[in-house]
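# Fold and geometry: a report
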Amino acid sequence: MKTIVLSALLTATAFASPTFAQMPEGYPESYGDVVDAANEEGKLVVYSVTSAAPMLVEDFQKLYPDVKLEYVSGETAPLYDQIVAEADGTVPAFRTRADVVWSSAMDLQLKLVADGYAMAYASPELENLPDWASWKGEAFGTTCEPVGFAYNKDLVDASEVPHSRADLIKLLTDDPEKFGGKITTFSPETLGLGFFLMTQDLTQAPEEFPKLAEALGEADLFLGSGTGAQFKCISEGDSLIGYNMLTSYAAGRAKKDHPKFGYSLPEDYTFVLSRVMFITKYAEHPNAAKLWVDYMLSKRGQAMLVASDLGSLRDDVPQADTPCGQVMQMGDAMLSIAIDATSAEYLDPQKHDQAKARWKGWIASN
């Protein structure tokens, strides 16, 4: 079992007195008891795969300085294994056990919830979220992250930018000399997110997606190892276009220090991924965990997510000039990935192996 690396440990001593902690607007009076109990617990442990969270962590600590937050960052598959091991009591005694788990691997998160590793919590913020953004009162969607194309503006002409999967197939067919070996995607064979997005494609377009996969195989697809590495390839021109990329990351990089990044949202269908969060059933600091969940779903926390380029699920958080704001104007082409058991369907061992075998066949045969 791989270990999860402790990436941030913040204490409250440097921060001013809380404001939000006194009583969030619109919350029941009894919520004060939750805050008091969280302060008494004095600690919160969050396991995540999201490294772009410093602002969230620091802001939460400003609001709740009596709750010491340990933010532990790792990878999706080891994170899943760690939660199972902690619940089974098979981890070393000195390990810090998770109170909250927050991950982009929606299928793995939802399998953990389905298998009984989550605690139910009726957050006061649920009424401000879309109906699809929670499941069983245990799993909560937190972000709005459209999945689409990312590309290098300096090397891909505006006329070449794909706006659908059919466009990408045509591009690969019409100009194999330019785009051969220059397309990248998350590897479905080695990355949980890559496998998840591939199976979502297969579910949504069972006839059309194999054609795209075969075209990608013929074009010598580069299977990437993660967002950072793939965006580096695109920025340096080793890859020209990324498929099934998190467009919020592309937009964020373009805004900050990589103006050559562009993105487009597929007009045939654009998946919207939402990082799933839950409180563990064995949480040692359950009240502090509730504060984190409520903060993440609150208007303030969701605004911090927008500032972190992850997008908000709430209607009352401004984000018009972002991939999330744009996808919300796409009507039926916007497909929010369900936060329920159906999103974990391909984790069934037989279906999992069959899907991987099909993918290998499409890619390797070419």
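Everything here concerns the structure above.
Residues numbered from 1 in each chain as written. Predicted model: local features only at pLDDT ≥ 70, side-chain atom pairs only at ≥ 80, totals over all residues. Heavy atoms only, no water.

## Overview of empty space enclosed by the protein
Taken as a whole and assessed by the stated rule, the structure comprises three cavities of 30 Å³ or more. Its boundaries defined by the atoms lining it, the largest cavity holds a volume of some 70 Å³. Surrounding the largest cavity, T185, F186, P188, G194, L197, M198, D201, F209, L216, Y243, N244 and W359 form its lining. At four residues, helix α7 (residues 192-204) tops the list of elements feeding residues into the lining of the largest cavity. (1 Å grid on protein atoms, 1.4 Å probe; cavity = no way out; pocket = protein on both sides within 12 Å on 5 of 7 lines; lining within 4 Å. Points joined across faces, edges and corners; volume = space filled by probe spheres on them. Helix = DSSP H or I, 4+ residues; strand = E, 2+ residues; numbered from the N terminus.)

## What to know about the state of the cysteines
For the coordinates displayed, the defined rule picks out one disulfide. C144 shares a disulfide with C324; S-S distance 2.0 Å. Taking the sign of the S-S torsion, about 105 degrees here, the bridge from C144 to C324 comes out right-handed. Of the two residues, C144 is situated in the loop between β7 (139-141) and β8 (145-152) and C324 in helix α13 (residues 323-327); the sequence distance between them amounts to 180 residues. An identical accessibility class is assigned to C144 and C324; each is buried. (Disulfide = S-S within 2.5 Å. Buried < 20%, exposed > 50% of the residue type's maximum accessible area, 1.4 Å probe, protein only.)

## Topic: unusual backbone geometry
Of note, the phi angle at K136 is positive, near 65 degrees, even though the residue is not glycine. By secondary structure assignment, the location of K136 is in the loop between β6 (134-135) and β7. The class of K136 is partly exposed, set by a relative accessible area of 45%. Residues other than glycine seldom take positive phi values, yet N244 does so here, at roughly 55 degrees. Overall, N244 belongs to the buried group, its relative accessible area being 4%.

## What to know about the pattern of salt bridges
Any two side chains of opposite charge can pair, on the condition that their charged atoms come close. In this structure the tally under the stated criterion is 15 salt bridges. For R314, the salt bridge goes to E125, with nearest N and O atoms at 2.8 Å. One end of the pair, R314, is in the loop between α12 (299-307) and α13; the other, E125, is in the loop between β5 (118-119) and β6, and 189 residues separate them in sequence. Given the relative accessible area of 7%, E125 is considered buried. The salt bridge partner of K351 is E345, with a shortest N-O separation of 2.7 Å. On the basis of relative accessibility, which here comes to 33%, the residue K351 falls in the partly exposed class. (Salt bridge = Lys/Arg side-chain N within 4 Å of Asp/Glu carboxyl O.)

## Some remarks on the pairing of strand β13 (residues 270-273)
Taking every second residue as pointing to the same face, both faces of β13 are buried, with T270 and V272 on one and F271 and L273 on the other. Examined bridge by bridge, β8 and β13 share two bridges and lie antiparallel to one another. Each residue of the ladder has a partner; that of E145, found in β13, is L273. Where β13 and strand β15 (residues 334-336) come together, three bridges link them in parallel fashion. Considered in β15, the bridge of V272 is made with S336. (Pairing = 2+ DSSP bridges.)

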